[in-house]
Amino acid sequence: MAFDRSRRPSDPRQAAEAAFKAATTKPVETAKPVASAPAAPASAVPGAREMVSLRIDRAVLEHFQKDGPGWQDRINAVLKVAAGL
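Residues numbered from 1 in each chain as written. Predicted model: local features only at pLDDT ≥ 70, side-chain atom pairs only at ≥ 80, totals over all residues. Heavy atoms only, no water.

### Comments concerning the packing of helix H2 (residues 58–65) against helix H3 (residues 71–83)
Moving on, step 1. The contact between H2 and H3 brings their axes to 8 Å, and the two run at 115°. Taken as axis vectors, H2 and H3 run roughly perpendicular relative to one another. Note on packing geometry: the crossing formed by H2 with H3 is right-handed. In this structure, H2 contributes Leu61, Phe64 and Gln65 to the contact, and H3 contributes Trp71, Arg74, Ile75 and Val78.
Moving on, step 2. Grouping the constituent residues of the contact of H2 with H3 by class yields five nonpolar, one polar and one charged. (Axes fitted to C-alpha atoms, helices over the stretch in contact; angles between N-to-C directions. Helix = DSSP H or I, 4+ residues; strand = E, 2+ residues; numbered from the N terminus. Parallel < 35°, antiparallel > 145°, perpendicular 65-115°, else oblique. Left-handed = near helix turned anticlockwise from the far one by under 90°. Contact = heavy atoms within 4.5 Å. Nonpolar A, V, L, I, M, F, W, Y, C, P; charged D, E, K, R; others polar.)

### Things to note about the pattern of salt bridges
Moving on, step 1. Overall, the coordinates contain two salt bridges when judged by the stated rule.
Moving on, step 2. With its nearest N and O atoms 3.2 Å apart, the salt bridge here joins arginine 13 to glutamate 17. Of this pair, arginine 13 and glutamate 17 both sit in helix H1 (residues 12–24), four residues apart, roughly one helical turn.
Moving on, step 3. Arginine 58 is the partner of glutamate 62 in a salt bridge, and the nearest nitrogen-oxygen pair spans 3.5 Å. Of the two residues, glutamate 62 and arginine 58 are both situated in helix H2; the distance of four residues between them amounts to about one turn of the helix. (Salt bridge = Lys/Arg side-chain N within 4 Å of Asp/Glu carboxyl O.)

This is the structure:
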């Protein structure tokens, strides 16, 4: 009997979901010795930014958006100064 290449051995959606889960799931951490100061989490790409959802007052948002594109960069810069980074 000839091999039927038109049929896939697995569901493509399940394969995609499994690949996504494997790429985004953090491995379970084992017990680590207590450090004197917590280390900053290492970024996969230096200087990469994290996408977050943030609730801020409408007036604050309008203040940063009034100068047009780049308002997210301006908020980031102000937050870095405020955090002392």
